[in-house]
Amino acid sequence: MNDTIEWTCDECGRAIENGEGYVTVNGAEVKEAQRQTAEWKSKHRTSTIDVADYADLTSTVKWQAIHNACDPRSELGDFIIDVDRLGTARHALGWTLELHRMGWVRATNWDSYIKVRAGATMSRSLA
Ligand SMILES: [Zn+2]
C-alpha cells in the first residue's frame, strides 16, 4: 500500500517536492476566528444553542500547500509544516495528534483537509 501524500501547490498547481514548500495556515486569521468564537460563546452562554447557528459561526481558516517560491505572503505567526515532514499518512497521523494538543487547530479545517490529502479511510464501520 502506498501511503505517500502528493502535495500540489495551491498557487501554481504544480507538485511540491521535498524541500520546495510547505503546508501552512494564516496565523492572523486563526486568531480572528478564535476571537469570534469566544465572542459568540459569551453571547450564547445562557441560551440554547442552535446547531445551524453554530455552523454559521465556524467558518474555518483554510490550510494551504504552497511552494516557498510561490508564497505571496509568508508572515510571522503563520504555522508551517515542511512537506518533507508531511510526506506520508503516518506523518499526517503524527501531526494530527500534535495539532490537537493545540486548541487553535479547531479554528482551522485541518481534519477534513488532511483526511482528503492522506486518503484516510476506516476499513469497517461499527454498525
Ligand atoms: Zn507553486
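Use the structure listed above.
Asks: Hey, could you run me through the packing of aromatic side chains in this one?
Replies: Two descriptors summarise a pair of aromatic rings, namely the distance from one centre to the other and the angle between the planes of the rings. Taken as a whole and judged by the stated rule, the model has 6 aromatic pairs. Ring pairing ties together the aromatic residues Trp-63, Phe-79, Trp-95, Trp-104 and Trp-110, which thus form one cluster.

Asks: Got a minute to help me understand the environment of Pro-72 in this structure?
Replies: Within the secondary structure layout, Pro-72 lies in the loop between strand E2 (64-67) and strand E3 (79-82). For the pair Pro-72 and Glu-11, spaced 61 residues apart in the sequence, the C-alpha separation amounts to 8.8 Å. Not counting chain neighbours up to four residues away, the residues in contact with Pro-72 comprise Glu-11 and Ile-66.

Asks: Hey, could you run me through the packing of helix H3 (residues 89-99) against helix H4 (residues 110-117) in this one?
Replies: To characterise two packed helices, one gives the angle between the axes of the helices and the distance between these axes. H4 packs onto H3 with a crossing angle of 175° between their chain directions and a minimal axis gap of 11 Å. What the angle tells us is that H3 and H4 run roughly antiparallel. Contacts from Ala-92, Trp-95, Thr-96 and Leu-99 of H3 reach H4 at Trp-110, Asp-111 and Ile-114. Each residue belonging to the contact of H3 with H4 can be placed in one class, and the counts come to 5 nonpolar, 1 polar and 1 charged.

Asks: Would you take a moment to explain the nonpolar core for this structure?
Replies: Note that soluble globular proteins tend to have their nonpolar side chains buried in a common cluster. Grouped together as the largest cluster of nonpolar side chains are 25 residues, with contacts concentrated most on Trp-7, Val-23, Trp-63, Leu-86, Leu-99, Trp-104 and Trp-110. The set of elements that each furnish at least two residues to this core consists of strand E1 (21-25), helix H1 (27-43), E2, H3 and H4.

Asks: Could you clarify how one ought to interpret the coordination of the zinc ion in this entry?
Replies: Ideal geometry at a metal centre: 109.5 degrees between donors when four sit tetrahedrally, and 90 or 180 degrees when six sit octahedrally. Distances from the zinc ion to its protein donors, Cys-9 (SG), Cys-12 (SG), His-67 (ND1) and Cys-70 (SG), fall at 2.0 to 2.4 Å. Mapped onto the polypeptide sequence, the residues donating to the zinc ion form the spacing pattern C-x2-C-x54-H-x2-C.

Asks: Even after reading the chapter, I still don't get the pattern of salt bridges, so can you show me in this structure?
Replies: Opposite charge on two side chains permits pairing when their charged atoms draw close. On inspection of all chains with the given rule, the structure shows 3 salt bridges. Between Glu-32 and Arg-35 there is a salt bridge, with its nearest N and O atoms 2.8 Å apart. Separated by 3 residues within a single helix, Glu-32 and Arg-35 lie in helix H1, roughly one turn from each other. Judged by its relative accessible area of 32%, Glu-32 is partly exposed. The residue Glu-39 makes a salt bridge to Arg-35 at a minimum N-O spacing of 3.0 Å. You can see Glu-39 and its partner Arg-35 sitting in helix H1, 4 residues apart, about one turn around the helix. Residue classification places Glu-39 among the partly exposed positions, given a relative accessible area of 38%. On the basis of relative accessibility, which here comes to 43%, the residue Arg-35 falls in the partly exposed class.

Calculation rules
- The residue count restarts for each chain, going from 1 along the sequence in the order it is written.
- Restriction of local features to residues with pLDDT of at least 70 applies here, the model being predicted, together with a cutoff of 80 or more for giving and counting side-chain atom pairs; totals for whole chains, interfaces and linings are based on all residues.
- As a rule here, side-chain values come from all non-hydrogen atoms in the structure, and water together with hydrogens is ignored.
- Ring geometry is summarised as follows: Phe, Tyr and Trp rings, the Trp one being its six-membered ring, pair when their centres sit within 6.5 Å, and such pairs are stacked at plane angles under 30 degrees, edge-to-face over 60 and tilted between the two.
- Each helix corresponds to a stretch of at least 4 residues labelled H or I by DSSP, and each strand to a stretch of at least 2 residues labelled E; elements are numbered beginning at the N terminus.
- A contact between two residues is defined here by any heavy atoms of the two lying within 4.5 Å.
- Orientation is described by lines fitted to C-alpha atoms, with helices fitted over the stretch in contact, and by angles between N-to-C directions that extend from 0 to 180 degrees.
- An angle below 35 degrees is read as roughly parallel, one above 145 as roughly antiparallel, one from 65 to 115 as roughly perpendicular, and any other as oblique.
- Charged residues are taken to be Asp, Glu, Lys and Arg, nonpolar residues to be Ala, Val, Leu, Ile, Met, Phe, Trp, Tyr, Cys and Pro, and polar residues to be all remaining types, Gly included.
- Only buried residues count toward a nonpolar core. Its members are Ala, Val, Leu, Ile, Met, Phe, Trp, Tyr and Cys residues joined through side-chain atoms within 4.5 Å.
- Throughout, exposure labels follow a simple rule: accessible area from a 1.4 Å probe, protein chains only, divided by the maximum for the residue type, with under 20% read as buried, over 50% as exposed, and the rest as partly exposed.
- For Na, K and Ca the donor cut-off is 3.2 Å, and for all other metals it is 2.8 Å, counting N, O and S atoms only; because water is absent from this set, sites may look incomplete.
- We define a salt bridge as a side-chain nitrogen of Lys or Arg found within 4 Å of a carboxyl oxygen belonging to Asp or Glu.

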